[in-house]
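# Reading the structure
Spelled out, the chains give:
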Amino acid sequence: MKIEQIYTGCIAHAAYYIENNGEAAIFDPLREVQPYIDRAFKDNAKIKYVFLTHFHADFVSGHLDLASKTNAKIVYGPTAKPAYEIISATHGQVFEVGNYKVKVIHTPGHTMESTTYLLIDENGREHGIITGDTLFIGDVGRPDLAQHVIAELTQDKLARHLFHSLREKIMPLSDDLIVYPNHGAGSACGKMMSKETTDTLGNQKKTNYALNPKMSEDEFVTAVLTGLTAPPAYFPANVLMNIKGYESLDAVMKKAKTPLNPIEFEATANETRALILDTRTAEEFAKGFIPNSINIGLDGNFAMWVGEMISDIKQEILLVTTLGNEEESMVRLSRIGYDHTIGYLEGGFASWKNKGFETDTIDRITTEELEKSINFAETPIFDVRKKSEFLSEHLIGATNVPLNEINSHLAEFPKDKKFILHCAGGYRSMIAASILKQRGWDNFVDVVGGFEAIKNTNLPKTDYVCPTTLL
């Protein structure tokens, strides 16, 4: 069977393309749809359907733009009622793509409309299942997200729906089916996803804790709800955009692709309430940046941290990027619904600096310097990693303020003495550093390499505890 997984690592997302006899279908497309159109053009095929497994929370799907540009029909499973025209498929309904068949299996649990698609080849052989967020490799979709949009859909209710969907609709299927999930490791839609992005259903029945046939319904509910962290704040907004519709990406990008010279950039920043977002690396940002800008680098979990740290999805944004990364920054923002970029600094930070405008820097030290020059009895240490990372191992005496909670813990950072800031590798601590700078702190240093570098020193650390044990 001709099926391609189109994987986007920065948000751990998998879309799927199938084609047969001149007809194609796309499953769970990202916001930017031209690559799917180009892929079908390469096969001289017409995109007939856009299948959605559910209303996505972690990204804005490209189904509306794709349907508009190709005249493809949008297909959701049962109970989906968006504000635009769709085919609301029934459980067991079969769609034809060339000589392939796509059978609808309604699998509520992650959300109520969640649907799995069974792929059947031209010879009538069942090939695989596109599972969306119902079944991952090593995990299942978290059942606590829908309640942030519809209050009565409690996580307990959805977990019980998921238990029955898996036991009654997925597990009876053939062991040799290939599982094609919507996400891999790094996604916030699950808690223990494998780095592998496909597997056989038979192997998942043996290794996935949630498919243990001896597990009772209550045990299942406890297992899937244990260890869940709060979802990123932008998730509910993305769900509503996917339900209600959104502005075309072409229109969003046209507005965002506004080059501003340093004078225009400064004037726009002063005249609007726009946030200056610098997407360069932590190393580049630390050496020089525009005062009051926030650093969230493209080289890390950009989408997740934008969603965590920029609370208003309608926030106007001015971009500072590495030369050549302007459009990539805009696209990645729009993937998660941040559609209000109003321009970018033409020529990058160098143009600002060369104009003689004010700049700022972040003081950084190596772990060698940390060992030699810091009096730990007098110098507070702030570790901005997740609580689970901190509990696993940390510097003795350090205070844990997870990055996503920093705005509610600003009072804990002293202004009358020097302090140390670090995360795991330097990415998150630079986000924290830029926020502290913006709020008036200038009495800290950031540790180059973070805790990964600290581990290789003789600095006093707690004994290591496996994160799995903590969970």
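Going by what an unreviewed UniProt entry lists, the chain is known as Glyoxylase, beta-lactamase superfamily II and is assigned to Flavobacterium xanthum.

## Considerations on the UniProt feature "domain: Rhodanese" (unreviewed entry) in the chain
Within the UniProt annotation, "domain: Rhodanese" (unreviewed entry) is assigned to residues 270–361 and 375–463. Its end C-alpha atoms 21 Å apart, residues 270–361 is made of 36% helix and 16% strand.

## What about the domain arrangement of the chain?
Split into domains, the chain comes out as domain 1 (3–237), domain 2 (247–355) and domain 3 (364–469). Facing 19 residues of domain 2, the contacting portion of domain 3 comprises 14 residues. When domain 2 packs against domain 3, the two sides together hide about 1300 Å² of surface, and 68% of this comes from carbon and sulfur. It is I294, W305 and M309 in domain 2 that bury the most area against domain 3; as a group they hold 40% of the surface buried on that side. For the interface between domain 2 and domain 3, the tally reads zero salt bridges. Across the contact surface, domain 2 and domain 3 share three residue pairs in polar contact (both at pLDDT 80 or more). Taken together, the residues that form the side of domain 2 that touches domain 3 break down as ten nonpolar, six polar and three charged.

## Looking at the side chain of S334
Here S334 is to be found in helix α11 (residues 326–335). Ignoring anything within four residues of it in the chain, the contact list for S334 reads R31, V60, L249, V252 and D339.

## Focus on the environment of I243
Looking at the secondary structure, you find I243 in helix α6 (residues 235–244). When residues no more than four places from it in sequence are discounted, the contact partners of I243 are F55, K81, P82, A83 and Y84.

## Here's the deal with the environment of R31
Relative to the helices and strands, R31 resides in the loop between β3 (23–27) and α1 (34–42). The buried category is assigned to R31, whose relative accessible area is 0%. Distance from R31 to E168, taken between C-alpha atoms, is 33 Å for residues 137 residues apart in sequence. Excluding anything up to four places from it in sequence, R31 contacts V60, S61, G62, D65, Y246, E247, L249, V252, S334, R335, G337 and D339. Polar side-chain contacts of R31 include one of 2.9 Å to the backbone oxygen of E247.

## With respect to the sheet that holds strand β13 (residues 259–260)
With respect to topology, five strands assemble into an open sheet ordered β13-β17-β16-β14-β15, the strand pairing being parallel. With one partner strand each, in any of the chains shown, β13 and β15 (294–295) form the two edges of the open sheet. As defined by bridge partners, strand β14 (residues 275–278) adjoins strand β16 (residues 317–320) across four bridges and the pair is classed as parallel. Paired with L277 across the strands is L319, a residue of β16.

## Some remarks on the packing of aromatic side chains
Pairs of aromatic rings are described using the distance from one ring centre to the other and the angle between the two planes. A full pass over the atoms with the stated rule returns 18 aromatic pairs. Between F27 and F51 the ring centres are 4.8 Å apart and the planes differ by 15°, which places this aromatic pair in the stacked class. Within this pair, whereas F27 is found in strand β3, its partner F51 is found in strand β4 (residues 46–51), the two being separated by 24 residues in sequence. Between Y49 and F51, the aromatic rings sit 5.4 Å apart at their centres with planes inclined by 45°, giving tilted as the arrangement. Owing to a relative accessible area of 11%, Y49 belongs among the buried residues under this scheme.

## Digging into the pattern of salt bridges
One pass over the full model with this rule turns up 23 salt bridges. E4 is the partner of R39 in a salt bridge, and the nearest nitrogen-oxygen pair spans 2.4 Å. Taken together, the residues span a long stretch of sequence, with R39 in helix α1 and E4 in strand β1 (residues 3–8) at a distance of 35 residues. For R39, a relative accessible area of 15% gives the class buried. In this structure, the salt-bridge partner of E217 is R160, at a minimum N-O distance of 3.1 Å. With E217 in helix α5 (residues 217–225) and R160 in helix α3 (residues 155–170), the pair connects residues that are 57 residues apart, well separated along the chain. Judged by its relative accessible area of 22%, E217 falls in the partly exposed class.

## Some remarks on the state of the cysteines
Scanning the model with the defined rule gives zero disulfides in all. Looking at the unpaired C423, the closest cysteine sulfur is the one in C10, lying at 19 Å. Taking relative accessible area as the criterion, C423 reaches 1% and is therefore assigned buried.

## Focus: the sheet that holds strand β22 (residues 444–447)
Taken together, the five strands give an open sheet; going across it, the order is β18-β22-β21-β19-β20, and neighbouring strands pair in parallel fashion. Edge positions in the sheet fall to β18 (364–365) and β20 (399–400), since each has one partner strand and no second. The pairing of β18 with β22 spans two bridges and is classified as parallel. When the bridges of β22 are listed, I365 appears paired with V447. The sheet contacts of helix α15 (residues 427–438) involve β18, β21 (419–422) and β22, and relative to β21 the element is tilted by about 135°.

## Overview of α1
What α1 keeps buried is the set Y36, R39 and A40. Considered in projection along α1, the buried side chains sweep an arc of 95° and stay on one side of the axis. Exposed positions of α1 whose direction lies more than 90 degrees from the buried face are F41 and K42. The elements touched by buried residues of α1 are β1, β2 (13–20), β3, β4 and α2 (63–70). Of the residues flanking the end of α1, it is N44, one or two places downstream, whose phi is positive at about 55°.

Cut-offs applied
Residues numbered from 1 in each chain as written. Predicted model: local features only at pLDDT ≥ 70, side-chain atom pairs only at ≥ 80, totals over all residues. Heavy atoms only, no water. UniProt positions renumbered as here; feature names shortened; annotations may be inferred. Helix = DSSP H or I, 4+ residues; strand = E, 2+ residues; numbered from the N terminus. Domains from an automatic or database assignment. Contact = heavy atoms within 4.5 Å. Buried area = accessible area lost by both parts, 1.4 Å probe. Salt bridge = Lys/Arg side-chain N within 4 Å of Asp/Glu carboxyl O. Polar contact = N/O pair within 3.5 Å; in protein donor to acceptor, adjacent residues only side chain to side chain. Nonpolar A, V, L, I, M, F, W, Y, C, P; charged D, E, K, R; others polar. Buried < 20%, exposed > 50% of the residue type's maximum accessible area, 1.4 Å probe, protein only. Pairing = 2+ DSSP bridges. Phe/Tyr/Trp six-rings, centres within 6.5 Å; stacked < 30°, edge-to-face > 60°. Disulfide = S-S within 2.5 Å. Axes fitted to C-alpha atoms, helices over the stretch in contact; angles between N-to-C directions. Arc of directions from axis to C-beta.

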